[in-house]
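Secondary and tertiary structure notes
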Amino acid sequence: MSLLEVSDLSIRFGATEVVSGLSFAIAPGERFGIIGESGSGKTLTSLAIAGLLPEGASLTGRIALDGAPMPASERDMARLRGRRIGMVFQEPMTALNPLMRVSEQIAESIRLNRDNAAVQLEVPALLGEVGLDPSHGSRFPHQLSGGQRQRVMIAMALASQPDLLIADEPTSALDLITQRKVLDLIAEICARRHMALLFISHDLKAVARLCTRVAVMHRGRLVERGEAAQVFASPQQDYTQKLVAASRFDPLRAERPPIGGTLLEVDGVTRDYRQNGFVFWAEKSLRAVNEVHFSVAQGECLALVGPSGCGKTTLAKIIVGLDRATSGAIRLDGTSYHGSDLPKPLRRDISLVFQDPFGSFNPRRSIGDSLSEPLRLEPGLDRPAIDARLVEAVTAVGLHADMLDRYPHEFSGGQRQRLAIARALVTRPKLLVLDEPVSALDVSVRGEVLALLARLQLEFGLTYLIISHDLDMVAAIADRVLVMEAGRIVEEGRPEQIFFAPQHRLTQELVGARLPDIGTPA
Amino acid sequence: MKRLFAHPSLAIGLIATLIFLAIGVVSLVWTPFPIEQIDIPRRFLGPTPEHWLGTDNLGRDMLSLVMAGTWTSFLVAAVAVVIGMGVGVPLGLAAAAWGGPVEWLVLRLSDFIFAFPAVIVAILVTTLIGPGAPNAILAIGIFNIPVFARVARGGALSVATLDFVAAGRLAGLNNAMIAWRHLLPNIMSLLIVQGTIQMSLGILSEAGLSYIGLGTQPPETSLGLMLKDAQGLFLIHPLLTIIPGLAIVLIVIALNIAGDGLRDAIDPRLRQGNPNVLA
Amino acid sequence: MILFALRRFLGFAVTLLVAALVIFWLLDLLPGDPAQFILGINATPESVARLRLQMGLDTPAPERFIAWIWGMLGGDFGMSYTQRAPVGELIWGRLGVTLPLAIFAMVISVAVGLPLGILAARRRGKALDTAVMVVAQTGIAIPNFWFGMLLTLLFAVVLRWLPPGGFTPWHENPGLAFRGLILPSLALALPQASILARVMRTALVDVTSQDYIRTARAKGLTMGEAVWRHGVRNALLPVLTILGLQFAYLVAGTIIVENVFYLPGLGKLIYTAILERDLILVRGATIILILAVTATMLVTDIAYALVDPRLRERSAS
């Protein structure tokens, strides 16, 4: 008999149906995955199973655990989900009570659901099981990293010894290495405890790593389901095929501009931050960037990779002139600067494309107004010349000149990222710094934006410096890769070299944390 | 505009506020009776067809007094809001755009001014130059400064982390231009909501200050001053107290409802902000 | 934590010192010759000279300022010219009315406002919630002194349960003294309780949608249990900030409400001092009021840090 059986489940908010006619079953100990992009209804499905639907949502259909329908009373449902279902959510930063030590939060879970458990023994045991030190128990959530908090969440979910673990995007807020470790931990625990898993994610590779059976959701409907290997190897539905295709980055380096002489040279750049600067107490400083040297050649595409907090964004900010190096210098075309002292005439030569397409435009100003802002750096331009530049930039990114009069909220994420690239091109720069240019976009749009970047590079002879944590994207687009850790560059090489024969420990970890491409034997 | 009026509470609040404001404005050119007209034989009249709200201890027409008092209350509160915004918003924006020592200074300054509730400022000013409506304006206005400085800084800081501000800096904008082009337009809604709140607080404060003799003085009149005049008589002639008091309550409710409605209409996220709800 | 408290205390001391400087500048330097100011234009030069000597006005201003601060640290606030009594004693006598009044009002507003706010949040969208919020909306709009007048009308004139005003000193008859403060503290408490109820409700409703409440429910708690165990403490954080400010403004608010009930509190003293241009007395009274306001804020800051481990660490490390 199935452990969990969902039949004909529909969820609606008022008149809008967000999940329609969903049916699936999970056997005891089985690992089942639900795949879907944002807005597909996958999270609401998981909340419905646990009886945690938000106010205003109504549900029809049947959900049964061990053949028995879910109890109707709130209290019985709460106790049932406490005992039988463990849950891990996406946001590790906010999912724990900030005012309570984590051991107390785990202990609460034990006390609630098991009658005669020795809490003093169980809490350290659970912490150990999820790979934390017993001393972590006495900390408050804000004293733990994202990965550690997610481990605490898992420990809490395990405390009641549930039969089913529901994990909703448990790793998408974590960096690459931690993501892999948490995925491995979930796999290992499910195997050891013979616990069923309902894993929900937009990341096909993560689902492929964990699940034996999968279902694909699109706009509230289940479009395809089957054995994981089979679905990924030969997807039947259009939508699934698109998702599978988008999860791979095909190499884009068919044509490329010739590589010329050195354009930018970073020479021993160091950045210290004074922590908690209070007037009378100078505190010890934090070194975000530490003695970094490298150079970028004309027409090259250089990638800077590293885990979050390694200093790569700080370095990018110094190069574009948003921050200032504590020591060291940068040379652009022979002119030396230290960051924010980048001379105005040179500023037009370097542009930055931001990560978040939703924050990169002022919502109160028209696109044309925002796009023309960098042209202040070229005081000689008159109105017709400015307009001509705007049209040139917008058409270059494949959008229409009419859009200049509109406001940011009228555009999708992918369009905004194109517009952000257009803004970066408007001064006809030599160097484009791209900070995670596609990581905030939906999977299906990423390929388009990368193809656009490759085309623009060819067309305008641009030089790229790409900041990213995504090795697959970097492998597809970069000529050369720098690996950064704790403010230092620890390895440098061509992408093939880095990925097939990583030398430094961090690079090995990063490469090891990559999930295998789907549809191919791992 | 249509979006704003989709919220019924906003429509009700705004319309009620505008009605009171209109009554105040009308009092400038016309009142049923001149407010200075003292007519002892006709004092303490209850509501009559001639005097809708009766007359006070000097035989003045209560309706006329309420109309003129409403105008004073609005005027005092509005000028105080203008003072608070005019000084506080630039300070808050400067704190957010410059950061560092400027921010430290602005924060300390606003902490410091918070230690001077309007009553204390009014006491000091009145001691020096004697009582009058300008004292109340100054006292309430000074108290509004740190309120707006904090709201502006808080709002601007959350805007300043967004990438378009960095894009502006890359385009060579200086701090003042960043504040003007990017920060201010994005915190206008916050400021408008806070403005309504401070208006209603200002009307309450004006009433309190005039009531203890630190605000508006005769022959001017204000709702608070009417309550002061009624102080010795309210046990015998309660109407003299109840009418101006009710006028204050209704105006403040109208402003508060409009403020709540604005907040909901402009941006639901603002509800998590930290509006200063204290008098 | 100790460093944090020390730092806050330092800030508190600096604020007070700067406030004292401002008050000194306003009341001692701005009027030109304070002695002339106190006595008015018609005073004879001899009497002005006598008062100048008595006030020590012939010493330079910085010295006078330091002497004033130094005196206050030892409890000496100077002599009131009009009342011919030490300012410290005068204020101390009046605080016996003002402080209990502020404290009673605070206790009432917390005891009424917080439970109502919690109740409204638990019954969100129901009739009870609407009722509480309508009452609170009205309560915020009512001037406390006017409410005091209405209360007097009802309880003292119509029902004759309580005295309409006046005050029996504590040492003569504590029971009567207490009775005299019931109506004033109710009047003061109404707007504050309304604000508290609203803030508490908003904070609790905000907390209800937090992820950690969902986590707590996932553990096996019902919504109500999760909010009770995990929500209320978190929701109290914003309420605490408001509470601190409220007490500060209650102290200032007593000045106005005392007037309604003819209470011999600080307000009455200040009012007389203003009329009689007694600069020394005004100076002492305002500094005491500012002390009350800033001290409350200091206590709030420290209490906040005691509840919230994040704040404690951020500011102390």
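Residues numbered from 1 in each chain as written. Chains lettered and ligands numbered in written order. Predicted model: local features only at pLDDT ≥ 70, side-chain atom pairs only at ≥ 80, totals over all residues. Heavy atoms only, no water.

1. Quick word on the overall build of chain B
A tally of regular secondary structure across chain B gives nine helices and zero strands. Oriented by its inertia axes, the alpha-carbon framework of chain B measures out at about 75 × 50 × 30 Å. Going through the 279 residues of chain B one by one, you find that 60% of them count as buried. In chain B, the share of contacts with a sequence separation of at least 24, taken over all contacts with a separation of at least 6, comes to 69%. Accessible area of chain B: about 10900 Å², with a carbon and sulfur share of 72%. Taking the average location of the 14 positive side-chain charges in chain B and that of its 14 negative ones, the two points are 11 Å from each other. (Helix = DSSP H or I, 4+ residues; strand = E, 2+ residues; numbered from the N terminus. Buried < 20%, exposed > 50% of the residue type's maximum accessible area, 1.4 Å probe, protein only. Contact = heavy atoms within 4.5 Å. Areas by Shrake-Rupley, 256 points an atom, 1.4 Å probe, with all protein chains shown as cover. Lys, Arg positive; Asp, Glu negative; His and termini not counted. Charge placed at Lys NZ, Arg CZ, Asp CG, Glu CD.)

2. Comments concerning the overall build of chain A
Summing up its helical and strand segments, chain A has 18 helices and 20 strands in all. Against the 2.2 N^0.38 benchmark of 24 Å for 522 residues, chain A shows a C-alpha radius of gyration of 26 Å, consistent with a compact globule. Principal-axis analysis of the C-alpha atoms places the extent of chain A at approximately 75 × 55 × 45 Å. If you take every contact in chain A between residues at least 6 apart in sequence, the share linking residues at least 24 apart comes to 69%. In the form shown here, chain A has an accessible surface area of approximately 21300 Å², with 50% of it arising from carbon and sulfur atoms. Measuring between centres, the 58 positive side-chain charges of chain A sit 3 Å from its 62 negative side-chain charges. (Rg over C-alpha atoms; globule rule 2.2 N^0.38 Å.)

3. Some remarks on a nonpolar patch on the surface
Residues and elements named next belong to chain B. There is a patch of nonpolar side chains on the surface, built from Leu18, Leu21, Val25, Val26, Leu28, Val29 and Trp30 and spanning about 680 Å² of accessible area. Mapped onto the elements of the fold, valine 29 is located in helix H1 (residues 8-29). Owing to a relative accessible area of 74%, valine 29 belongs among the exposed residues under this scheme. (Patch = residues over 30% accessible without salt bridge, like charges linked within 9 Å, V, L, I, M, F, W, Y side chains within 5 Å. Salt bridge = Lys/Arg side-chain N within 4 Å of Asp/Glu carboxyl O.)

4. Observations concerning the side chain of arginine 416 of chain A
In this structure, arginine 416 of chain A sits in helix H14 (residues 413-425). If we ignore the near neighbours within four places in the chain, the residues touching arginine 416 of chain A are Pro357, Phe358, Phe361, Pro408, His409 and Phe411 of chain A.

5. Observations concerning unusual backbone geometry
All names here are of chain A. Its identity as a non-glycine residue notwithstanding, aspartate 66 has a phi of 50 degrees, on the positive side. With respect to the element layout, aspartate 66 can be found in the loop between strand S4 (57-65) and strand S5 (68-69). Phi at glutamate 436 takes a positive value of approximately 45 degrees, unusual for a residue other than glycine. Looking at the element boundaries, glutamate 436 is found in the loop between strand S17 (431-435) and helix H15 (443-460).

6. Thoughts on the sheet that holds strand S7 (residues 164-168) of chain A
Residue and element names in this part refer to chain A. Taken in spatial order, the six strands make up an open sheet running S6-S7-S8-S3-S9-S10, and their pairing is mixed. Edge strands, defined here as strands with exactly one partner in the open sheet, are strand S6 (85-88) and strand S10 (221-227). For this sheet, the mean inter-axis angle between neighbouring strands, taken without regard to orientation, is 15 degrees. Sheet analysis places S7 next to strand S8 (residues 196-201), joined by five bridges and oriented parallel. Each bridged residue has a counterpart across the sheet, and for leucine 165 the counterpart in S8 is leucine 197. (Pairing = 2+ DSSP bridges. Axes fitted to C-alpha atoms, helices over the stretch in contact; angles between N-to-C directions.)

7. A few points about the environment of alanine 297 of chain A
All names here are of chain A. Position of alanine 297 among the secondary structure elements: in strand S12 (residues 285-297). C-alpha of alanine 297 to C-alpha of alanine 420: the two residues are 123 residues apart in sequence and 24 Å apart in space. Once you skip the residues sitting within four places of it in the chain, alanine 297 turns out to touch Ile259, Gly260, Gly261, Thr262, Leu263 and Thr463.

8. Examining the interface of chain B and chain A
Contacts between chain B and chain A engage 19 residues on the former and 23 residues on the latter. When the two sides are added together, the surface that chain B and chain A hide from each other amounts to roughly 1800 Å², 56% of it contributed by carbon and sulfur. Considering only the side of chain B, the residues that lose the most area to chain A are Asp163, Leu170 and Arg181 of chain B, jointly responsible for 38% of the buried surface there. Between chain B and chain A we count two salt bridges in total. Arginine 181 of chain B is the partner of aspartate 369 of chain A in a salt bridge, and the nearest nitrogen-oxygen pair spans 3.0 Å. On inspection of chain B and its partner chain A, the count reaches ten residue pairs in polar contact (both at pLDDT 80 or more). At the level of elements, helix H6 (163-170) and helix H7 (175-211) of chain B are the ones that each hand at least two residues to the side of chain B that touches chain A. Class assignment of the residues belonging to the side of chain B that touches chain A gives a composition of eleven nonpolar, five polar and three charged. (Buried area = accessible area lost by both parts, 1.4 Å probe. Polar contact = N/O pair within 3.5 Å; in protein donor to acceptor, adjacent residues only side chain to side chain. Nonpolar A, V, L, I, M, F, W, Y, C, P; charged D, E, K, R; others polar.)

9. Let's talk about the pattern of salt bridges
Taken as a whole, this structure holds 48 salt bridges over all chains when the rule is applied. As a salt-bridge pair, lysine 430 of chain A and aspartate 333 of chain A come within 2.6 Å of each other at their nearest N and O atoms. One end of the pair, lysine 430 of chain A, is in the loop between H14 and S17; the other, aspartate 333 of chain A, is in the loop between strand S14 (327-332) and strand S15 (335-337), and 97 residues separate them in sequence. The partly exposed category is assigned to lysine 430 of chain A, whose relative accessible area is 30%. Given the relative accessible area of 40%, aspartate 333 of chain A is considered partly exposed. Salt-bridge contacts for arginine 8 of chain C lead to aspartate 301 of chain C; the nearest nitrogen and oxygen are separated by 2.9 Å. Within this pair, whereas arginine 8 of chain C is found in helix H1 (residues 2-29), its partner aspartate 301 of chain C is found in helix H12 (residues 279-307), the two being separated by 293 residues in sequence. Residue classification places aspartate 301 of chain C among the partly exposed residues on the basis of a relative accessible area of 30%. Three or more residues are tied together by salt bridges with common partners; here these are Glu129, Glu188, Arg192 and Arg193 of chain A.

10. Points about the interface of chain B and chain C
Much of the literature gives interface size as the accessible area that the parts lose upon coming together. Chain B puts 44 residues into the contact, and the matching count from chain C is 50 residues. Buried surface at the junction of chain B and chain C, both sides included, amounts to about 4100 Å², of which 79% is carbon and sulfur. Linking chain B with chain C are one salt bridge, by the criterion used here. A salt bridge links aspartate 260 of chain B to arginine 198 of chain C, with the shortest nitrogen-to-oxygen separation between them at 3.0 Å. Our count for the chain B to chain C interface comes out at five residue pairs in polar contact (both at pLDDT 80 or more). Take the side of chain B that touches chain C: its biggest share by element is twelve residues, from helix H9 (residues 239-266) of chain B. The residue inventory of the side of chain B that touches chain C, partitioned by class, reads 30 nonpolar, ten polar and four charged.

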